[in-house]
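# Structural features, examined
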Amino acid sequence: MTESSQPTLRHNAEHRQYELHLNGELVALAAYAQSGGTVVLNHTETAPAHQGQGYAAQVMGFALNDVRTQGLRANPQCSFAAQFVADHPEYADLVAR
């Protein structure tokens, strides 16, 4: 990654996913389903060429911050999302009980 290339994060509501783009390329995503006031985070994916660079963590943080802003709860079902929440206690209050 060059110093000038900055990731762009966006919520793609049409595809029900949060996305991280780098130089116009979709690099990482967190897919979800919504059930009432709960966002079920059910899949996280990073393009193979970009794995291990922290992009999935960036998109997950972005997703959880958006969930908080909307006043919703999160249900981290995929293993990455569950581990991310476990590793970042600042998001524990979002987890649907």
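For the structure given in this document, a descriptive report is provided here. As a convention, each chain's residues are numbered from 1 in the sequence order in which they are written. For a predicted model such as this one, the threshold for reporting local features is a pLDDT of at least 70, and the threshold for listing and counting side-chain atom pairs is 80 or more; totals across whole chains, interfaces and linings nevertheless cover every residue. To obtain the side-chain values, all non-hydrogen atoms of the structure were included, while hydrogens and water were left out.

### A short note on the sheet that holds strand β3 (residues 25-35)
Rules: At least two DSSP bridges between two strands are required for those strands to pair. Helical segments are the DSSP runs of H or I of at least four residues, strand segments are the runs of E of at least two, and each set is numbered from the N terminus. Note on geometry: axes are C-alpha line fits, over the in-contact stretch for helices, and angles between N-to-C directions span 0 to 180 degrees.
Spatial ordering of the open sheet is given by β1-β2-β3-β4-β5, a layout of five strands whose pairing is mixed. Strands at the two margins of the open sheet, each flanked by one partner only, are β1 (8-12) and β5 (73-76). Neighbour to neighbour, the strand axes of the sheet diverge by 25 degrees on average, direction disregarded. When β3 meets strand β4 (residues 38-46), the two strands line up antiparallel, connected through eight bridges.

### Description of the nonpolar core
Under the convention used in this document: Residues belong to one nonpolar core when they are buried, are Ala, Val, Leu, Ile, Met, Phe, Trp, Tyr or Cys, and are joined through side-chain atoms within 4.5 Å. Each residue's exposure class comes from its accessible area (1.4 Å probe, protein chains only) as a fraction of the maximum for that residue type: buried when under 20%, exposed when over 50%, partly exposed otherwise. Contacts were defined at the residue level, with two residues in contact if any of their heavy atoms lie within 4.5 Å.
Of all hydrophobic cores here, the largest spans 24 residues; its most connected members are Tyr18, Leu41, Met60 and Leu64. The set of elements that each furnish at least two residues to this core consists of β2 (17-22), β3, β4, α1 (55-69) and α2 (79-87). Here the element with the most residues in this core is α1; it accounts for six residues. Here Leu41 is in contact with Ala31, Tyr32, Met60, Leu64, Ala74, Asn75, Pro76, Gln77, Cys78 and Ala81, once residues within four sequence places are set aside.

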